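# Report on the structure
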Amino acid sequence: MRHGLTSGNANAQKAAVWAVYGLVCKAPASRVVIAAKPGCLAALAEVLKSNSAVDVKGLAAVALRLLPADSAAAVAADPGSTAGLVALLSSGRPDMQQAAADLLHGVVNKDPASRATAAAAPGCLAALTQVLNSNSASAVQGKMQAAGVLGLLALEHAAAVAAEPGCSEALVALLSSGSADLQRAAVQALSVMCRVDASRAAIVATPGCLAAVTSLLNNAGAVEVKIGAAGILEWLAVERAAAVAAEPDCIGGLVRLLNSGSADAQQAAVQALHCVMCRSETYPNSRAAIASTSGFPAALTSVLNNSLCNEETKRLAAVVLSLLPARYAAAVAAEPDCIVGLVALLSSGSTGLQEAALAALHFLVSKDVSSRIGVAKEQPAMPWRRCLSALVR
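This part takes up helix α15 (residues 209-219). Burial in α15 covers these residues: Cys209, Leu210, Ala212, Val213, Thr214, Leu216 and Leu217. Along its buried surface, α15 packs onto α12 (167-174), α13 (180-193), α14 (197-204), α16 (223-246) and α17 (250-258).

Here it is in structure tokens:
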């Protein structure tokens, strides 16, 4: 079989590839045996860069993807194989694009060193972008894998990915695709790219980006997709916090995520709101937009009192509270269990939590006289009572 793959004869190579493909698809137990054959994986990888027909290369890619993990190393070891996959991605055929994107995803996922090869391969990023822009109804799987590849490449090469013409726009467009799988893949890729300054600027400048992410935040069925959308908004706020705050129903979506009851969702929402409040070019307007959102005091209180939320989430919730405009202090203090939650943080044993809670309580008692009674009723430990008394004076 290996000899047929490396014979140089197109017909013999085609027959050998079909034989391997048939075995790995119909007899899964044979995959280990085939992978263990000396030179077999390398021979299949050779097919990818040969002059064989596109169909034959596609079958070789599928076979390699189904074989054990060493197949990724075989492809990664030969830059010419990556060039062969790029050719398949550029073929315009959804089945071939899916086979190539699936194999390339497996390679860059299992062999981090291969990401540099793929990112630098001529035409690779353009070909992946081409797959994302396909209008074929049968291209969903290929698009999903292509977005996954871009997300992995962005771990070390985010600037190059963002600089590829049309790439950011294509990923943003997937957010509005209506396909949960495509949305999830696009969110993952954009989440990675947003963490790098150069690529974040390109994403935030993409027309319709904030609207698409906000729509996903409010309409996605899967909680993990909403969490990813909140994470994107957090990083976009580093560049354009005021724009994030001004996007219709963006803050409302984050507040509703606070009320989801999911500790992970609450963490993502608090982090995004904190970034908007701290990074905004127009602090008063952004902070007022957050504070005036329906249900915000109750949502923030739920975070303070959720035993499943970690210390950092609760600390940020307290910080967000302390940064609110003074005129909203009474509404927050009047929220049942808000002061209870803050006072409980004073006994947490964590200096960071205690400082954040003390700052939030100071905000309340200094801006709203009635809240002083609520704080006093909670009877915190004596050292903290002395601190609070000093702050109220």
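Moving on from the model shown.
Quick look at the pattern of salt bridges now. In this structure the tally under the stated criterion is 10 salt bridges. Here Asp55 makes a salt bridge to Arg93, at a shortest N to O gap of 2.5 Å. Of this pair, Asp55 sits in helix α5 (residues 54-66) while Arg93 sits in the loop between α7 (79-89) and α8 (94-110); the two residues are 38 residues apart in sequence, bridging distant segments of the chain. For Asp55, a relative accessible area of 39% corresponds to the partly exposed category. With a relative accessible area of 32%, Arg93 lands in the partly exposed category. When salt bridges with common partners are traced through the structure, they connect Asp55, Arg93 and Asp95 into a single cluster.

Looking at where Thr293 falls in the secondary structure, it is placed in the loop between α19 (283-291) and α20 (296-304). Filtering out sequence-adjacent residues up to four positions away, Thr293 remains in contact with Ile251, Gly252 and Val255.

What follows concerns the environment of Cys338. Inspection of the secondary structure assignment puts Cys338 in helix α23 (residues 338-346). Overall, the relative accessible area of 1% leaves Cys338 in the buried class. Remark: the alpha-carbon pair of Cys338 and Ser302, spanning 36 residues in sequence, is separated by 8.2 Å. Once you skip the residues sitting within four places of it in the chain, Cys338 turns out to touch Thr301, Leu304, Leu321 and Val332.

Looking now at the packing of α23 against helix α24 (residues 351-367). Remark: α23 packs on α24, axes separated minimally by 8 Å, with the N-to-C direction vectors making an angle of 140°. For α23 against α24, the interelement crossing comes out left-handed. For the pair formed by α23 and α24, the contact residues are Ile339, Leu342, Val343, Leu345 and Leu346 on the first element and Leu353, Gln354, Ala357, Leu358, Ala360, Leu361 and Leu364 on the second. Along the lines of polarity and charge, the residues of the contact of α23 with α24 split into 11 nonpolar, one polar and no charged.

We now examine the environment of Ala63. Note that Ala63 resides in helix α5. With relative accessibility at 1%, the residue Ala63 sits in the buried group. When the C-alpha atoms of Ala63 and Ala99 are compared, they prove to be 9.3 Å apart, with 36 residues separating the residues in sequence. Among residues more than four places away in sequence, those in contact with Ala63 are Val20, Tyr21, Val24 and Leu44.

By the secondary structure assignment, Thr301 is in helix α20. At 2.8 Å, the side chain of Thr301 and the backbone oxygen of Pro297 are in polar contact. If sequence neighbours within four positions are ignored, Thr301 has contacts with Glu335, Pro336, Asp337 and Cys338.

To continue, consider the state of the cysteines. Taken as a whole and judged by the stated rule, the model has zero disulfides. There is no disulfide at Cys275, and the cysteine sulfur nearest it, in Cys278, is 7.5 Å away. For Cys275, a relative accessible area of 9% corresponds to the buried category.

A few words on the environment of Lys57. Mapped onto the elements of the fold, Lys57 is located in helix α5. Judged by relative accessible area, which is 14%, Lys57 ranks as buried. Sequence separation between Lys57 and Ala99 is 42 residues, and the spatial gap between their C-alpha atoms is 9.2 Å. The contacts of Lys57, once residues within four sequence positions are left out, are Val47, Leu48, Ser50, Ser52 and Leu88.

Reading guide: rules and limits
Residues take numbers from 1 onward in each chain, read along the sequence in its written order. Given that this is a predicted model, residues contribute local features only at a pLDDT of at least 70 and side-chain atom pairs are listed and counted only at 80 or more, while totals for whole chains, interfaces and linings are drawn from all residues. Each side-chain value is derived from all of the structure's non-hydrogen atoms; neither hydrogens nor water enter the calculation. Any residue under 20% of the maximum accessible area for its type is buried, any over 50% is exposed, and the rest in between are partly exposed; the area is computed with a 1.4 Å probe on protein chains only. The helix count covers DSSP runs of H or I at least four residues long, the strand count covers runs of E at least two residues long, and both are numbered beginning at the N terminus. Note on contacts: a residue pair is in contact if any heavy atoms of the two residues lie within 4.5 Å. Whenever a carboxyl oxygen of Asp or Glu lies within 4 Å of a side-chain nitrogen of Lys or Arg, that contact is scored as a salt bridge. Inter-axis angles, ranging from 0 to 180 degrees, are taken between N-to-C directions of lines fitted to C-alpha atoms, where helices are fitted over the stretch in contact. For any helix crossing, the convention is left-handed if the near helix is rotated counterclockwise from the far helix by under a right angle, and right-handed if that rotation is clockwise. In this classification, Asp, Glu, Lys and Arg are treated as charged, Ala, Val, Leu, Ile, Met, Phe, Trp, Tyr, Cys and Pro as nonpolar, and every other residue, Gly included, as polar. N or O atoms within 3.5 Å of each other form a polar contact, as long as, within protein, one can give a hydrogen and the other can take it, and as long as residues adjacent in sequence are counted only when both atoms are side-chain atoms. Working definition: a disulfide is two cysteine sulfur atoms within 2.5 Å of each other.

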